[in-house]
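Spelled out, the chains give:
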Amino acid sequence: MAAPEDAATPSDALGGARPAQKMTETRTRSGMFGVRGSGDTSGYGGLRLQGWAPAPAERPFGGWFDEFADELGAALDERGVPRAAIEQVTIDRDEMTLYVEPARLHEVARTLRDDPGLRFEFCSGVSGVDYSAPDGAPVGRPLHVVYHLLSMTYRRRVRLEVALDMGDAANPPTVPSVVDVYPTADWHERETWDMYGVVFDGHPALTRILMPDDWDGHPQRKSYPLGGIPVEYKGAEISPPDERRAYS
């Protein structure tokens, strides 16, 4: 997936101001689970998967997307939210994704819910994605949080996405909570915090939901070790994939 451009770059992504580009080839993924060399018993050692990143979209977007973009732009203007809050618009496989400036997420979500021409009343899910490179190559803002919104009034769906730096213990990746806008996001944000370590500022009870309260780390990050961690069930320990016995 293409990383959004620098949020400081002045533009109107809803107006299609960004120049059109062809879909560009990205790194090839080899194998899975970060295993290199021998000892991989996962069955994915020979996997070679080419990556492709859809480019920012330009007008006309097609279908109902143009009408929606115009309405959203006007609604943001009416509420004093800068249009630069939408960092990038991507349309791929007939789906629209709006990359949102993290600090403006709450304002954009409320606008999408409350404006009578938009009416995205329901958030069906919040999830995280870690686009870090398994080989350690630098990736700008690799940690993404994705929000799936549904307008039951107009029978439309859009996706909001924010891109964050990984941060550290002193400065973890942080976005505003949208629980007061979409109450259904409560447990979804807790799960994203649990698995990816994203702090949702303003969440009413941001605690673990899958892992024990005293668990160290966030298991869905690519930097998290695979195996070799004792578990509570009878003191079992599973070796990392590259240390397991090879069946060849």
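It should be noted that the structure appears before, not after, this text.
What counts, and where the lines are drawn
- Residues numbered from 1 in each chain as written.
- Predicted model: local features only at pLDDT ≥ 70, side-chain atom pairs only at ≥ 80, totals over all residues.
- Heavy atoms only, no water.
- Helix = DSSP H or I, 4+ residues; strand = E, 2+ residues; numbered from the N terminus.
- Buried < 20%, exposed > 50% of the residue type's maximum accessible area, 1.4 Å probe, protein only.
- Contact = heavy atoms within 4.5 Å.
- Areas by Shrake-Rupley, 256 points an atom, 1.4 Å probe, with all protein chains shown as cover.
- Expected span 1.5 Å × (residues − 1).
- Polar contact = N/O pair within 3.5 Å; in protein donor to acceptor, adjacent residues only side chain to side chain.
- Axes fitted to C-alpha atoms, helices over the stretch in contact; angles between N-to-C directions.
- Left-handed = near helix turned anticlockwise from the far one by under 90°.
- Nonpolar A, V, L, I, M, F, W, Y, C, P; charged D, E, K, R; others polar.
- Phe/Tyr/Trp six-rings, centres within 6.5 Å; stacked < 30°, edge-to-face > 60°.
- Arc of directions from axis to C-beta.
- Pairing = 2+ DSSP bridges.

Draft legend 1. Up close: the overall build of the protein. For the protein, the count of helices and strands is 3 helices and 11 strands. When the helices and strands of the protein are listed from N to C terminus, the series reads β-β-β-β-α-β-β-α-β-β-β-β-α-β. Split into buried and exposed, the 248 residues of the protein put 39% on the buried side. Partitioning the intrachain contacts of the protein with sequence separation of at least 6 by distance along the chain shows that 58% fall at a separation of at least 24. Accessible surface, the protein: about 13,500 Å² in total, of which carbon and sulfur atoms supply 52%.

Draft legend 2. Here's a closer look at helix α1 (residues 65–78). If you check α1, its first and last C-alpha atoms are 20 Å apart, about what 14 residues at 1.5 Å a residue would give, namely 20 Å. For α1, the complete set of buried residues consists of Phe65, Asp66, Phe68, Ala69, Leu72, Gly73, Ala75 and Leu76. At its buried positions, α1 is contacted by β5 (86–92), β6 (95–100), α2 (105–114) and β9 (156–164). Positive phi shows up at Gly80, right after α1, with a value of about 75°.

Draft legend 3. Inspection of the side chain of Thr90 at higher detail. Along the chain, the position of Thr90 falls in strand β5. When its relative accessible area of 6% is taken as the criterion, Thr90 is described as buried. Among the polar contacts listed, one links the side chain of Thr90 to the side chain of Gln88, at a separation of 3.0 Å. Look past the residues within four positions of Thr90 in its chain and what remains in contact with it is Pro54, Ala55, Pro56, Ala57, Glu95, Met96, Thr97 and Tyr99.

Draft legend 4. Expanded view of the packing of α1 against α2. It is the contact of α1 with α2, at a shortest axis distance of 10 Å, that shows an interaxial angle of 115°. The handedness of the crossing between α1 and α2 comes out as right-handed. Contact with α1, carried on its side by Phe68, Leu72, Ala75 and Leu76, involves Val108, Thr111 and Leu112 of α2 and no other residues of that element. Looking at the contact of α1 with α2, its residues break down into 6 nonpolar, 1 polar and no charged.

Draft legend 5. Inspection of the packing of aromatic side chains at higher detail. Considering all chains together, one arrives at 3 aromatic pairs under this definition. Geometrically, the ring pair formed by Trp64 and Phe68 is edge-to-face, given 5.8 Å between the ring centres and 80° between the ring planes. Looking at Phe68, the relative accessible area reads 1%, which means it is buried. By the ring-pair criterion, three or more aromatic residues cluster together here, those being Trp64, Phe65, Phe68 and Phe120.

Draft legend 6. Spatial organisation of the side chain of Arg141. Structurally, Arg141 can be placed in the loop between β7 (122–130) and β8 (143–151). Using a relative accessible area of 18% as the deciding quantity, one classes Arg141 as buried. At 3.1 Å, the side chain of Arg141 and the side chain of Glu87 are in polar contact.

Draft legend 7. Structural context of α2. If you check which residues of α2 are buried, you get Leu105, Val108, Ala109, Thr111 and Leu112. Within α2, the buried residues cover an arc of 160° as seen down the axis, which keeps them to one side. On its buried face, α2 is in contact with α1, β5, β6, β8, β9 and β10 (174–176).

Draft legend 8. Structural context of the sheet that holds β5. The sheet built from 5 strands is open, its strands ordered β5-β6-β9-β8-β7 with mixed pairing. Each edge of the open sheet is held by one strand with a lone partner, namely β5 and β7. Across this sheet, the average inter-strand angle for adjacent strands is 20°, counted without regard to direction. Both β7 and β8 contribute to a ladder of 8 bridges, which runs antiparallel. Among the inter-strand pairings, Cys123 is bridged to a residue of β8, identified as Leu149. Contacts between α2 and the sheet are confined to β5, β6, β8 and β9, with β9 contributing the most and set at about 175° to the helix. Its contacts with the sheet place helix α3 (residues 185–196) against β7 and β8, and it is angled at close to 5° to β7.

All we've got here are geometric facts, nothing functional implied.
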